[in-house]
Amino acid sequence: MDSSHPDPLQLQTQQQRDAAQWARNKPSLIVDIALGLLFFVVSKVTGSLTTAALVGAGAGLAVVVVQRFVKADLLGGLAMFGVFTLLLSAGFSLWFQDERMVQLKGSILGVLIASLILADALFNRGRYFGARLARYLIGMPVDARRLALGMALLGLTMAGLNLLATHWLSKDAWLVYTTFVDAPLAMVLGLVVFRFARPAA
């Protein structure tokens, strides 16, 4: 058989695996989007970023509880780390009780989380974060260490952009940025990271 033409059976099997992986990942993606929109809506209704942060954290913890009773993966491959982040975020908001600090939370926690991922890439070859993040890249072979390194650098970049947005934008403009610009921009830059994460030839 000509190796330049893919085997139809293998192609069909790969498509079935990709579809099954997407079906597994879809619930956690929907939860992520819903939590982001919840933060935006509560901020607009109450006028308080601190309240929105606490409501978002409470909703996230509620998802953790619901996960125990449903089969669908609502939290993705980083569930335990997600729980840790939610608790850290809630504690941050409660401790400072200051809207300026809530705005800066994305930068402060972003640097912290990116540093953990960077440590995984440098000292653990991406076996924790890189391997778990790789499960979302359907049909795309990646190097776990390169993926973790790229995601760490992406996290640091987004933390820096949030810092600039906090400094230069009004609260309302920052809220629009963090809800509707931050995530799409991270996705676009993520495509660059995914390309970088491909195994070296």
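Look a little higher up for the structure.
We now turn to the structure provided with this report. Owing to the predicted nature of the structure, the values given are computational and were not obtained by experimental measurement.

## Thoughts on the packing of aromatic side chains
Argument step 1. Under the defined criterion, the tally for this structure stands at one aromatic pair.
Argument step 2. When the centroid spacing of 4.8 Å and the interplanar angle of 85° are considered together, the rings of Tyr128 and Phe129 count as edge-to-face.
Argument step 3. Here Arg146 stacks its cationic end above the ring of Phe196, 4.2 Å away from the centre of that ring.

## Regarding helix α6 (residues 144–168)
Argument step 1. Compared with the 36 Å implied by 1.5 Å per residue over 25 residues, the 36 Å span of α6 between its first and last C-alpha is a close match.
Argument step 2. Every buried residue of α6 is listed here: Leu147, Ala148, Gly150, Ala152, Leu154, Met158, Ala159, Asn162, Ala165 and Thr166.
Argument step 3. Structurally, α6 contributes buried residues whose contacts are with α4 (99–123), α5 (129–134) and α7 (171–196).

## Quick word on α7
Argument step 1. Its 26 residues give α7 an end-to-end C-alpha distance of 35 Å, which sits within 8% of 38 Å, the value for a rise of 1.5 Å per residue.
Argument step 2. A bend of about 40° at Val181 is the largest found in α7, and the proline Pro184 appears one to four places after it.
Argument step 3. Those residues of α7 that sit buried are Trp174, Leu175, Tyr177, Thr179, Asp182, Gly190 and Val193.

## A few points about the nonpolar core
Nonpolar side chains in soluble globular proteins generally cluster together in the buried interior.
Argument step 1. Grouped together as the largest cluster of nonpolar side chains are 19 residues, with contacts concentrated most on Phe39, Leu49, Val142, Leu147, Trp174 and Leu175.
Argument step 2. Counting only elements with at least two residues in this core, the list comes to α1 (8–46), α2 (49–67), α6 and α7.
Argument step 3. The residues contacting Phe39, other than those within four sequence positions of it, are Leu49, Ala52, Ala53, Trp174, Leu175 and Thr178.
Argument step 4. Among the nonpolar cores identified, the runner-up in size contains five residues, and Ile117, Phe129, Ala148 and Ala152 belong to it.

Rules used in this analysis
Residues numbered from 1 in each chain as written. Predicted model: local features only at pLDDT ≥ 70, side-chain atom pairs only at ≥ 80, totals over all residues. Heavy atoms only, no water. Phe/Tyr/Trp six-rings, centres within 6.5 Å; stacked < 30°, edge-to-face > 60°. Lys NZ or Arg CZ within 6 Å of the ring centre and 35° of its normal. Helix = DSSP H or I, 4+ residues; strand = E, 2+ residues; numbered from the N terminus. Expected span 1.5 Å × (residues − 1). Buried < 20%, exposed > 50% of the residue type's maximum accessible area, 1.4 Å probe, protein only. Contact = heavy atoms within 4.5 Å. Bend = angle between axes of the 7 residues up to and from the residue. Core = buried A, V, L, I, M, F, W, Y, C linked by side-chain atoms within 4.5 Å.

Keep in mind that these numbers describe shape and distance, not what the molecule does.
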